[in-house]
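# Examination of the molecular architecture
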Number of protein chains: 2
Amino acid sequence: MVHAKIPETEYPRVVIIGGGFAGLELAKSLENAPVQVVLIDKKNFHTFQPLLYQVGTAGLETDSIIYPFRKVFEEQKNLYFRLAEVQQIKTETQIVETTIGLLHYNYLVIATGAKTNYYGDEQLEKVAIPLKSIEDAIELRNTVLSNFEKALQIDDDEQLNSLMDYVIVGGGPTGVELAGALSELRSHIFPKDYKELDFKQMDIHLIQSGDHLLKGMSEEASKKALDYLQKFGVQVWLDRKVKSYDGYTVTLDNGEKLISRTLIWAAGVIGSPIEGIRKESILRGNRLQVDTHNKVAGYNNIFAIGDIAAMITDTYPQGHPMMAQPAIQQGKQLAKNLVNLIQNKPLQSFEYDDKGSMATIGRNHAVADLKIFSSEFRTQGFIAWIIWMFIHLISVIGFRNRFLVLVNWVWSYLSYDKSNRLIVGKQLENLPVEAVIQKTEV
Amino acid sequence: MVHAKIPETEYPRVVIIGGGFAGLELAKSLENAPVQVVLIDKKNFHTFQPLLYQVGTAGLETDSIIYPFRKVFEEQKNLYFRLAEVQQIKTETQIVETTIGLLHYNYLVIATGAKTNYYGDEQLEKVAIPLKSIEDAIELRNTVLSNFEKALQIDDDEQLNSLMDYVIVGGGPTGVELAGALSELRSHIFPKDYKELDFKQMDIHLIQSGDHLLKGMSEEASKKALDYLQKFGVQVWLDRKVKSYDGYTVTLDNGEKLISRTLIWAAGVIGSPIEGIRKESILRGNRLQVDTHNKVAGYNNIFAIGDIAAMITDTYPQGHPMMAQPAIQQGKQLAKNLVNLIQNKPLQSFEYDDKGSMATIGRNHAVADLKIFSSEFRTQGFIAWIIWMFIHLISVIGFRNRFLVLVNWVWSYLSYDKSNRLIVGKQLENLPVEAVIQKTEV
């Protein structure tokens, strides 16, 4: 195997695998550090995952929540970006094997994030729609719109419902926000687009394994989220799990069945580890055990940050929540510690500054548990919704993307419209209407 | 085969196949006519084709130049849109066979437009990139960006050039505008994104079979376009044709060879006719022979408009140019004539009101031949560029899309940036870097 073509410099090389919130923040924070930074990602852009559900429900353009890495790093002289996939790590020789060749590292940072967890159910994995990448969001959008195009040809009630009904599994922020967004489409958009269909027939089911939504948020937030969803006509199933799904029938753990051709799986994530890390350091959920400096147990020059890292502390016995904030903060902190390490200075332990969490349910309705200077501030409804929008808006990278998101939101708010109702790609392959019709003929 | 599920009304049914400029205009113009309109398209959106090249060169978001049909027709009560592909027409029984079932028509309008013409060269068709659909534009964008990502790993000069050089075939507006846009990327964007590559090595070839560019425009326009392109460093080959292309070597008709992994084919279009129309009515280039009322020769209730229609007149012995303007005007005119027909009034002959044509070469540089109240007005340079932008901007459908295009243009103009440098889709499949590297090792 050849070596990837990256100039050798006098500086130690930091290889970062993954440009999510953690990896991106680390790479940026190393701008003036005495290191060469190599950032590897499978995509040539960073994805702002918290807004994927809005792309999936036609509210935002695909291109407004993804941002090219090369544009982020245009001015950063010590950074080399490489579009590549990592195959394995050889820790003895300090080599990363990638699709573009071998890459030597002095310090390796694993920031590969998390992937959807289907708990080993292969059939589910094949037929459910996840929501972790921009391609997933496009698939969701294409599927939802194609469903209604197909539904126009159907007489049979069950077949019709299979196309019009949606099952969302997972009552975390993604599931809750998606259910809310679908209910908005049902109220304001679809009845205008598909006048021949009766949208009273469109059911949106949200299935949550625990006894409350938005686990980890306050009881107030969780209760209000449930109230809002019910007010918007979402059928919330608490304390229920999906036993199986074959692409048509959803069987719940109590034996009840739901019919839907579209099941969105937002019921958990699992770390995306890498070949070559010793097994002892891989904890439950595929996360890597790190110390308070984000150093992976058993190595001196390998670190892990973000969702893939499990930093077990008294306050966080399961590691930090798999969200943007801990990832960003760990990225920032590790940048400082890498410099300390090189300069033989003592390292600083990571302390998570929990700023709280939020979820939006729909127009004017959100819930927020905020922590400001260690005092808690909880709010629900319009104020929470404004805060949610503001925080998300300023977090989107790049002035232009931020502006596009803002324009879309203002436009949607004033017009009750979600404009990106586009089926892009090989849409006829997505439309085996014949098959559906033939079933109904029988 | 079942019947497509569309309500029967007391009004005669007009089935329009294709929602390009012609079909869309016709459908909209029939809003208050005493007919039921069924619009069929393979996509659920209208594509603003003149700006595809800007999506292909990262200047515009994909979603800003496509517009959902259902949004266009939200308020139009007599219109039914169906996402379907037409398989054939049974003219005796007045039936259209589609992927969603059979559809009876009283009046049929064929507005299927044109597709890329490879003149029967199957190998070319397999390896060249066309630029007729939004998916083509996305493919072009993905290919260009992936090329440079791959180039970063290459030492061998020929291999490097095969990835960095571009061959555009066809000196019409698409070819000229694309060559200009690529040269802008070369000047302002790529050197910042790929600092390790030497962009003096990036060649852009534009191959034109005739002795001048922009056939159909004035000599002034054509000469200036050539001047501008040469000023921007595009290598223009006049009086040259491509003999063959295998995905790597372009062989010209004089035996000269160019090496490039990317050839964009904009060298001609051919009508997309439909199974079931009698052969006698299909003219050269697969266009359908129509009379001055756009009625297809040999039928009483079948019409053709836009690129697919060849209305042979003294002024236009080859039919009208295959552009947006004749299509839109024919759509508008046919709407009136269909009403006349139903009300037994005399039909009006179509007269093309040629408003001129334009092409932009790059920042501040365009050529325009305008016809205003039958006087000609020719201009090149900055004024032409402003006119080009204005005309295209007001032609984009929908306030929101227009606004998005405007924001992108203003942003690009001020920042010299083209922000959508995104490889969306299965990009790793687009990146068989290994293969390239192995070649260079030998």
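Remember, it's a predicted structure, so these values are computed and weren't measured experimentally.

Thresholds, definitions, all that
- Residues numbered from 1 in each chain as written.
- Chains lettered and ligands numbered in written order.
- Predicted model: local features only at pLDDT ≥ 70, side-chain atom pairs only at ≥ 80, totals over all residues.
- Helix = DSSP H or I, 4+ residues; strand = E, 2+ residues; numbered from the N terminus.
- Rg over C-alpha atoms; globule rule 2.2 N^0.38 Å.
- Buried ≥ 20, exposed ≤ 12 C-beta atoms within 10 Å, placed from the backbone.
- Contact = placed C-beta atoms within 7 Å.
- Domains from an automatic or database assignment.
- Least-squares fit on C-alpha atoms with pLDDT ≥ 70 in both.
- Nonpolar A, V, L, I, M, F, W, Y, C, P; charged D, E, K, R; others polar.
- Pairing = 2+ DSSP bridges.
- Axes fitted to C-alpha atoms, helices over the stretch in contact; angles between N-to-C directions.
- Parallel < 35°, antiparallel > 145°, perpendicular 65-115°, else oblique.
- Left-handed = near helix turned anticlockwise from the far one by under 90°.
- Core = buried A, V, L, I, M, F, W, Y, C linked by C-beta atoms within 7 Å.
- Expected span 1.5 Å × (residues − 1).
- Arc of directions from axis to C-beta.

## Comments concerning the overall build of chain A
- Helices and strands together make up the secondary structure of chain A, namely 12 helices and 24 strands.
- On C-alpha atoms alone, chain A measures out to a radius of gyration of 23 Å, which is about the 22 Å that the 2.2 N^0.38 rule sets for 442 residues.
- Viewed in the frame of its principal axes, chain A has a C-alpha envelope of about 70 × 55 × 45 Å.
- Burial analysis of chain A (442 residues in total) assigns 51% to the buried set.
- For chain A, long-range pairs separated by at least 24 residues make up 65% of all intrachain contacts whose partners lie at least 6 apart in sequence.

## Brief notes about the domain arrangement of chain A
- Along its sequence, chain A is carved into domain 1 (13–42 + 84–116 + 269–342) and domain 2 (122–267 + 364–436).
- For domain 1 of chain A and domain 2 of chain A, the distance between their C-alpha centres works out to 32 Å.

## Details of the relation of the copies chain A and chain B
- The operation relating chain A to chain B is a screw motion whose rotation component is 180°, with 0.0 Å of axial translation and a residual RMSD of 0.0 Å. This pairing of chains is accounted for by a two-fold axis.
- Comparing interface residues between copies, 100% of those in chain A also sit at the interface in chain B, which points to an isologous, same-surface contact.

## A few points about the interface of chain A and chain B
- The interface is formed by 46 residues belonging to chain A together with 46 residues belonging to chain B.
- Of all elements in the fold, only strand E4 (66–68), helix H3 (69–72), helix H5 (134–151), helix H7 (173–193), helix H11 (399–415) and helix H12 (433–441) of chain A reach the threshold of two or more residues within the side of chain A that touches chain B.
- Along the lines of polarity and charge, the residues of the side of chain A that touches chain B split into 20 nonpolar, 9 polar and 17 charged.

## Description of helix H1 (residues 21–29) of chain A
- With 7 of 9 residues buried, H1 of chain A is to be regarded as a mostly interior element.
- Listing the buried residues of H1 of chain A in full gives Phe21, Ala22, Gly23, Leu24, Glu25, Leu26 and Ala27 of chain A.

## Observations regarding the pairing of strand E8 (residues 101–104) of chain A
Residue and element names in this part refer to chain A.
- Sheet topology places strand E7 (residues 95–98) next to E8; 4 bridges connect them, and they run antiparallel. Within E8, the residue paired with Val96 across the bridge is Leu103.
- Between E7 and E8, which pair antiparallel and follow one another directly, the connecting turn spans 2 residues.

## Digging into the sheet that holds strand E1 (residues 13–17) of chain B
Residues and elements named next belong to chain B.
- With parallel pairing, 5 strands are arranged side by side in an open sheet as E5-E2-E1-E9-E20. On the outer flanks of this sheet lie strand E5 (79–83) and strand E20 (302–304), each paired with one strand and no other. Direction aside, the axes of adjacent strands within the sheet are offset by 20° on average.
- By the bridge criterion, 4 bridges tie E1 to strand E9 (residues 107–110) in an arrangement that is parallel.

## Focus: the packing of helix H5 (residues 134–151) of chain B against helix H6 (residues 157–164) of chain B
All names here are of chain B.
- Relative orientation of the contacting elements H5 and H6 amounts to 160°, with a least axis distance of 8 Å. With respect to H6, the axis of H5 lies roughly antiparallel. Note that H5 runs across H6; the crossing there is left-handed. Contacts from Asn147, Lys150 and Ala151 in H5 reach Leu160, Leu163 and Met164 in H6.
- Grouping the amino acids of the contact of H5 with H6 by side-chain chemistry returns 4 nonpolar, 1 polar and 1 charged.

## Some points on the nonpolar core
- Val109 of chain A together with Val109 of chain B are the most contacted members of the largest nonpolar core, which totals 262 residues.
- When residues no more than four places from it in sequence are discounted, the contact partners of Val109 of chain A are Val14, Ile16, Ile17, Leu26, Phe303, Ile305 and Leu334 of chain A.

## Regarding helix H10 (residues 382–395) of chain B
All names here are of chain B.
- Given a rise of 1.5 Å per residue, 14 residues ought to cover 20 Å, and the 20 Å separating the end C-alpha atoms of H10 matches this to within 8%.
- Restricting attention to buried positions, one finds in H10 the residues Ala384, Trp385 and Trp388. In an axial view of H10, the angular spread of the buried residues amounts to 100°, which keeps them on one side of the axis. Exposed side of H10, more than 90 degrees from the buried face: Phe382, Ile383, Phe390 and Ile394 are the residues found there.
- Buried residues in H10 make contact with strand E22 (356–362), strand E23 (365–372) and strand E24 (375–381).

## Quick word on the sheet that holds strand E17 (residues 262–265) of chain B
Residue and element names in this part refer to chain B.
- Spatially, the 4 strands line up as an open sheet ordered E13-E12-E11-E17, and their pairing is parallel. Of all strands in the sheet, those with a lone pairing partner are strand E13 (234–237) and E17, marking the two edges. Adjacent strand axes in the sheet meet at a mean angle of 20°, parallel and antiparallel pairs treated alike.
- Judged from the 4 bridges that link them, strand E11 (residues 166–169) and E17 form a sheet pairing that is parallel. Following the sheet pairing, Tyr166 is matched in E17 by Thr262.

## Some words on the environment of Tyr352 of chain A
Residue and element names in this part refer to chain A.
- Within the secondary structure, Tyr352 sits in the loop between helix H9 (324–342) and strand E22 (356–362).
- Along the sequence, Tyr352 and Pro326 sit 26 residues apart, while their C-alpha atoms lie 6.3 Å from each other.
- Setting aside chain neighbours within four positions, we find Tyr352 in contact with His320, Pro326 and Gln329.

## What about the pairing of strand E5 (residues 79–83) of chain A?
All names here are of chain A.
- The element E5 is extensively covered by neighbouring structure, given that 5 of its 5 residues are classed as buried.
- Burial along E5 is two-sided: Leu79, Phe81 and Leu83 facing one way and Tyr80 and Arg82 facing the other are all buried.
- Note that strand E2 (residues 36–41) and E5 share 5 bridges and pair parallel. Bridge pairing in E5 links Asp41 to Leu83.

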